[in-house]
Amino acid sequence: MAEWNPPNREYEFLFFEVFDAIESLEGLGFDDFDKDSLSLMIEGWGNHTKEVWLPINETGDREGLIFEGGEITMPPGFKDAYKRGMEEGWFSTSCKPEHGGMGAPLCFQSVTWSEYGTATCMALSVFPALSNGVYEVLSKHGSKDLVDYFARKLATGEWAGTMCLTEPHAGTDLGLISTKAEPRPDGSYQVSGTKMFITAGEHDMTENILHLVLAKVPGGPEGTKGISLFLVPKHLPSDWGSGPLAGSSHELNHQKNGVTCSGSEGKMGLHASPTCVMNFEQSVGWLVGPLHRGMPLMFEMMNRERLATGMMGLGLAEISYQNAAAWCRERRQGRDLRGARDPEEEADSILVHPDVRRMLLQAKVNIEGCRALASWTGILLDQMHSDDKEVSESASALVALLTPIVKAHFTDLGCETVDTCMQVMGGAGYCSEFGVEQFYRDVRISKIWEGTNGIQALDLAGRKITKDFGANLRHLMWPLIEFIEENRESKDMEEFNKPLYKGVRGLQQLTLMMVSEGMANPNFLAAGASDYCRYFGNVLLGYTWAKTAQVCLERRGDPFYDAKLSSARFFFDRIFPETISLAAKIQSGPKTLMEYPEAMI
Ligand SMILES: Cc1cc2nc3c(=O)[nH]c(=O)nc-3n(C[C@H](O)[C@H](O)[C@H](O)COP(=O)(O)OP(=O)(O)OC[C@H]3O[C@@H](n4cnc5c(N)ncnc54)[C@H](O)[C@@H]3O)c2cc1C
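Figured I'd write up the structure that's included with this text. From a predicted model like this one, the values you see are computed outputs, not experimental measurements. (Residues numbered from 1 in each chain as written. Predicted model: local features only at pLDDT ≥ 70, side-chain atom pairs only at ≥ 80, totals over all residues. Heavy atoms only, no water.)

**Observations concerning the nonpolar core**
Soluble globular proteins tend to pack their nonpolar side chains together in the buried interior.
Here is step 1 of the chain: Counting residues in hydrophobic clusters, the biggest one holds 195 residues, and the most contacted among them are Phe150, Trp376, Tyr532 and Phe536.
Here is step 2 of the chain: If one sorts the elements of this core by residue count, helix α5 (residues 106-141) sits on top with 18 residues.
Here is step 3 of the chain: Ignoring sequence-local partners within four residues, the contact set of Trp376 consists of Phe19, Leu398, Leu402, Leu476, Leu540 and Tyr543. (Core = buried A, V, L, I, M, F, W, Y, C linked by side-chain atoms within 4.5 Å. Buried < 20%, exposed > 50% of the residue type's maximum accessible area, 1.4 Å probe, protein only. Helix = DSSP H or I, 4+ residues; strand = E, 2+ residues; numbered from the N terminus. Contact = heavy atoms within 4.5 Å.)

Written out as structure tokens, the structure is:
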């Protein structure tokens, strides 16, 4: 079985030493959460996932789930693990106390919670992650009646949630959906249609499942502008007749509400996560938010899920790295090129080989950099809710910009890192014993769901950058340039600050080029979007590495901080230079792509 230890020290360092989480959260309603209580939560969640989630991860993958007669039975141990997490309150940390939640900061829920959950059992983690997303949308936009009836059950995890967007002929292009919602006289709707690829659409973990469904009300505008959002439960209350839910009991009528599952996909990884075809046949549902405003509301949920998906890349990279590094420490092959390191042994440790170190350090530094950027993003998520307009505006702009980058760059790096961890272990990495083979299969979906990485890149380049004449970008450039200026005279910081400065200048020039060329030819922008997103990700990681180095330079002499400085050097020497080739690819434009004869593709 794969081993894993929660990287608690890393989070303590990032939240409390690099990004001043406690100061940043001041005045945001988290008075009960100080450094000690946040540390305890990090430690408690680490212990819980190691003890309860990790042991079921491999069996879940091996045994998978059973689909029979429209019902799904989860693999052994999943129901118990879910129940324990629910009873210990781990699924509702960021939900409101009036709904049974802890009211804890989102930086814990979105970052640490997501990393530990996905590292130890990604298949299980998606259940509470989805329910939390549905809770957020419902508690913010649902009618009082809906919130009163459903919010507590969702927050605690007693009832689970799903998001139902995709249809057989409508994936990225949701304007094509054909699921219909027809008004009923009592104010509810009758929802009919087929959704596919629905995660956790059916299972036996909870008594009820609440589906957030995108559907069109007949007579509305065409395309995405005519889409609305509905809450459709698997089971209705047993004493509900019609009209408002107020006063209905939470006992359920076990006749299904016309919601059935007609299949569960076989897939490459995540064998313990149901991926369902869901049929809604005149199912009773309730409108959430205003009519025809379904897409913006669903995007609110998806933005949260996109950050969580980025953390999947990081979580699976971390557990792969931990196992690969442990294996490499034991493995002896060949000799140190400069002369035998351990002549009394038959061979030296493979850690003497530069190429082995290249792989392990690439993995380690990618993980540490992404965790730092994630921690900053998590704190910004909380600051979005500040009463201080200046703070909330700036945080919202930054989160808008960072979301597609965290989703796409972290999952690209996550997949690359798990691949590297498999490679560094040779044949042992490809075989199942050490777990990396499973993580390689599990992590791959993260680049596809919640909007493919290509679509994230288009969102960044085509929307987030240009919105309000570049307002989002201005909110980012200001702290970046201020940081660079602040460190300009520091000799110690020069090796980090100089490349960062070049990267930021390059980003400004490429942005100008993308926008101006893109106005004349939209294919220029679209052809460069993925490389631009990666370039941008590198600049953000460069900023977090330089910031990390600034903190660690003051604490030199301690192995933890010295290792961080070595990581920062590795980043700028061996990862950041890829910005040069990315810039060249962006500048080459769309010609070679679009003029290639289509018949020969
Ligand atoms: C395991 C799993 C779980 C899932 N869970 C859920 C879920 O819970 N709920 C849900 O609603 N959906 C879910 N999905 C669906 C998932 O979100 C979609 O698969 C994903 O959004 C891509 O859509 P698609 O598969 O239809 O690909 P398509 O939209 O057909 O895209 C095919 C390719 O074309 C590209 N492309 C498409 N349009 C454009 C464009 N305009 N510009 C540039 N490139 C474009 C894409 O990037 C992609 O590379 C899940 C899928 C899987 C496999």
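**Overview of the packing of helix α12 (residues 453-464) against helix α15 (residues 522-553)**
Here is step 1 of the chain: Relative orientation of the contacting elements α12 and α15 amounts to 90 degrees, with a least axis distance of 8 Å. Accordingly, the angle class assigned to the pair α12 and α15 is roughly perpendicular. Contacts between α12 and α15 involve Gly454, Ala457, Leu458, Leu460, Ala461 and Gly462 from the first element and Leu525, Ala526, Ala529, Ser530, Tyr532, Cys533 and Phe536 from the second.
Here is step 2 of the chain: Considering only residue class, the contact of α12 with α15 consists of 10 nonpolar, 3 polar and no charged. (Axes fitted to C-alpha atoms, helices over the stretch in contact; angles between N-to-C directions. Parallel < 35°, antiparallel > 145°, perpendicular 65-115°, else oblique. Nonpolar A, V, L, I, M, F, W, Y, C, P; charged D, E, K, R; others polar.)

**A closer look at the pairing of strand β7 (residues 227-233)**
Here is step 1 of the chain: In terms of residue burial, β7 counts as a mostly covered element, since 7 of its 7 residues are buried.
Here is step 2 of the chain: Neither face of β7 is open: one carries Ile227, Leu229, Leu231 and Pro233, the other Ser228, Phe230 and Val232, and all of them are buried.
Here is step 3 of the chain: Relative to β7, strand β6 (residues 209-216) runs antiparallel, the two being bridged by 7 bridges. Bridged to Ala215 within β7 is Ser228.
Here is step 4 of the chain: Looking at chain direction, β7 and strand β11 (residues 275-288) are connected through 3 bridges and run antiparallel. In the sheet register, Leu231 faces β11, and the bridge partner there is Trp286. (Pairing = 2+ DSSP bridges.)

**Brief notes about a nonpolar patch on the surface**
Here is step 1 of the chain: Side chains of Tyr596, Met600 and Ile601 sit close together on the surface and give an oily, nonpolar patch of about 420 Å² of accessible area.
Here is step 2 of the chain: With respect to the helices and strands, Met600 occurs in the segment after α18 (591-594). (Patch = residues over 30% accessible without salt bridge, like charges linked within 9 Å, V, L, I, M, F, W, Y side chains within 5 Å. Areas by Shrake-Rupley, 256 points an atom, 1.4 Å probe, with all protein chains shown as cover. Salt bridge = Lys/Arg side-chain N within 4 Å of Asp/Glu carboxyl O.)

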